[in-house]
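# Chain and residue survey
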Amino acid sequence: MQILDLDGLRYRPFDYSSDTQQACTLFQTVFGHSVTSEHWHWKYQQGPGRGFAVAVEDLSSARLVGHMGVILLPGVQGGQPLNMGQVCDVMIHPAYRAGLANNNIYARMNQALQRLIAAQQPIYLFGFPGRTPANLGIRIGVYRRLGICHASHVAQSKERTWWRKWLPGTVHAQACTQLDDAAMHSLERIWSQNLCAPPPAPEDSWHTRPHIVKNAAYVRWRYFSQPQPANQSYMLWWLSKGYRNVAQGWLVTKLKPEPTIVDGCSPVGQTWIDASVQALPKPSALGGSGNWVTWLPLSTNRAEPTPIHAVEILGQPWRTHWASPQFQPGDTDVF
């Protein structure tokens, strides 16, 4: 299906069987980092939802000179299903960038994407550009700023004595050593329980926020099926309270390039968030150094802004009446 054919460029759906290698080459040119075809297919075609993208082809050379991708994932908002689409790998070859006019290649890629997402409604498109591209997108009307992602360096409490670890209200973390059928069942149960749990207070906005469905299929795909060995450094932790050895939540961490709490799912409430972070072993006990970094909103740590801006993309209309998602590093495609 052809979308747009203007000024010697064709804006069309990306073909994962024939365009992937060119996309990897363009990625290297634009970002200065290499990516494999296997990683590209994992990212867009092997997750809980099938991704899609706009490809920009130079008709004179049949070369791929632009790309705007969408990782499509199941989501939920207010108890209703919602497609969550993360826009990423927005790339334009340096030789084809020009101006900020409404008819430039970047604006046309967004127009082409609008046509592609018509079949995916209802959909919530979001992304994580840096400050300059975020401001550009807001200026031309394709982005709405949701907020700047903030991070805290966690100063953990001293090691707890063994008997305090098993007090009824204490959260403790246990490493998951194998993602077997039992672990998959626990992940599914935890997501279902936390999704259906009532908010701790009537004014809590958790259920009005759009959420990616972080069930067993999501965790396995996102953290344990990446084809690049360098990325297989995630650790899954079960969270439980007191003497009950039944997981009520989970965290995913990564030690390099710095100790980071990448993702998580736990009962709603500030008490659970604070206690879960404190339950983790110190990075030094795992072969790392420094303190854990987290985007979770802690009550005791001052959070500092990161270079990552969260935006809603191509709202039709903008969902200004929804609370903004509380994104985690794993919601981006760079952790």
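Quick caveat, the model's predicted, so the values are computed rather than measured.

## Brief notes about the overall build of the protein chain
When you go through the protein chain residue by residue, the secondary structure sums to eight helices and 14 strands. The C-alpha radius of gyration computed for the protein chain amounts to 21 Å, which stays within 12% of the reference 20 Å derived for 335 residues, consistent with globular compactness. Principal axes of the C-alpha set define a box for the protein chain whose edges measure 70 × 45 × 35 Å. Out of the 335 residues belonging to the protein chain, those deemed buried represent 50%. Contacts in the protein chain between residues at least 24 apart in sequence constitute 70% of all its contacts with a sequence separation of at least 6. Summing over all exposed atoms, the protein chain offers an accessible surface of approximately 16,100 Å²; the carbon and sulfur share of this is 53%.

## Digging into the nonpolar core
Within the largest apolar cluster, 53 residues are counted, with the highest numbers of intra-cluster contacts made by F14, W40, L187, W238 and W250. Once residues within four sequence positions are removed from consideration, W250 is found in contact with L187, I190, K214, V219, L236, W237, W238, L239, D263, G264 and C265. Counting 28 residues, the second-largest nonpolar core is a separate cluster that includes Y11, V54, I92 and L314.

## Points about unusual backbone geometry
Of all residues except glycine, most have a negative phi; of all peptide bonds, most are trans. Between Q121 and the following residue, P122, the backbone shows a cis peptide bond with an omega angle of -5°. Tracing the chain through its elements places P122 in the loop between α3 (105-116) and β6 (123-127). For D7, which is not glycine, the phi dihedral falls at a positive 55°. Here D7 shows up in the loop between β1 (4-6) and β2 (9-13). Phi at D89 is positive, roughly 50°, even though this residue is not glycine.

## Looking at α3
Compared with an ideal rise of 1.5 Å per residue, which puts twelve residues at 16 Å, α3 spans 16 Å between its outermost C-alpha atoms and is within 8% of the ideal. Across the twelve residues that make up α3, a large majority, nine, are buried. Inspection of α3 places I105, Y106, A107, R108, M109, N110, A112, L113 and L116 among the buried residues, and these make up the whole buried set.

## Quick word on the packing of helix α1 (residues 20-31) against helix α2 (residues 37-45)
Relative orientation of the contacting elements α1 and α2 amounts to 105°, with a least axis distance of 9 Å. Our classification of the angle between α1 and α2 gives roughly perpendicular. Touching T20, Q21, A23, C24 and F27 of α1 are S37, W40 and H41, all from α2.

## Comments concerning the pattern of salt bridges
A full pass over the atoms with the stated rule returns eleven salt bridges. In this structure, D263 engages K214 in a salt bridge whose closest nitrogen and oxygen atoms are separated by 2.7 Å. With D263 in strand β12 (residues 260-265) and K214 in the loop between β9 (211-212) and α7 (216-224), the pair connects residues that are 49 residues apart, well separated along the chain. Like D263, the residue K214 is buried in the burial classification. Through salt bridges that share partners, R12, D19 and E57 make up one connected network.

## Focus: the environment of L314
Tracing the backbone through its elements, the reader meets L314 in the segment after β14 (304-313). A C-alpha to C-alpha distance of 5.0 Å links L314 and V142, two positions 172 residues apart in sequence. Those residues in contact with L314, other than ones at most four positions away along the chain, are N110, L113, Q114, L125 and V142.

## Here's the deal with the pairing of strand β7 (residues 143-153)
Bridge count between β7 and β14: seven bridges; the pairing is antiparallel. Counted as the bridge partner of Y143 is I313 from β14. Inspection of the sheet shows β7 paired to strand β13 (residues 293-294) by two bridges, in the antiparallel sense. Bridging from a neighbouring strand, S152 pairs with T294 of β13.

## Quick notes on the confidence of the model for the protein chain
A residue-level look at the protein chain finds 90% of positions with pLDDT of 70 or above and a mean pLDDT of 89. Within the protein chain, no element has a lower average pLDDT than helix α5 (residues 162-165), which sits at 55, and none a higher one than α1, at 97.

## With respect to the packing of aromatic side chains
Under the defined criterion, the tally for this structure stands at 14 aromatic pairs. Between F27 and W40 the ring centres are 6.3 Å apart and the planes differ by 80°, which places this aromatic pair in the edge-to-face class. Taken together, the residues span a long stretch of sequence, with F27 in helix α1 and W40 in helix α2 at a distance of 13 residues. Residue F27 shares its accessibility class with W40, and that shared class is buried. Ring centres 4.9 Å apart and planes at 70° place the aromatic pair Y223 and Y234 in the edge-to-face group. Taken together, the positions of Y223 in helix α7 and Y234 in strand β10 (residues 234-241) put the pair eleven residues apart, joining distant regions of the chain. Each member of the pair, Y223 together with Y234, is buried.

## Some details on the environment of I212
Along the chain, I212 turns up in strand β9. For I212, a relative accessible area of 7% gives the class buried. Taking the C-alpha atoms as reference points, I212 and G75, 137 residues apart in sequence, are found 4.3 Å from one another.

What counts and what doesn't
Residues numbered from 1 in each chain as written. Predicted model: local features only at pLDDT ≥ 70, side-chain atom pairs only at ≥ 80, totals over all residues. Heavy atoms only, no water. Helix = DSSP H or I, 4+ residues; strand = E, 2+ residues; numbered from the N terminus. Rg over C-alpha atoms; globule rule 2.2 N^0.38 Å. Buried < 20%, exposed > 50% of the residue type's maximum accessible area, 1.4 Å probe, protein only. Contact = heavy atoms within 4.5 Å. Areas by Shrake-Rupley, 256 points an atom, 1.4 Å probe, with all protein chains shown as cover. Core = buried A, V, L, I, M, F, W, Y, C linked by side-chain atoms within 4.5 Å. Expected span 1.5 Å × (residues − 1). Axes fitted to C-alpha atoms, helices over the stretch in contact; angles between N-to-C directions. Parallel < 35°, antiparallel > 145°, perpendicular 65-115°, else oblique. Salt bridge = Lys/Arg side-chain N within 4 Å of Asp/Glu carboxyl O. Pairing = 2+ DSSP bridges. pLDDT = per-residue confidence, 0-100. Phe/Tyr/Trp six-rings, centres within 6.5 Å; stacked < 30°, edge-to-face > 60°.

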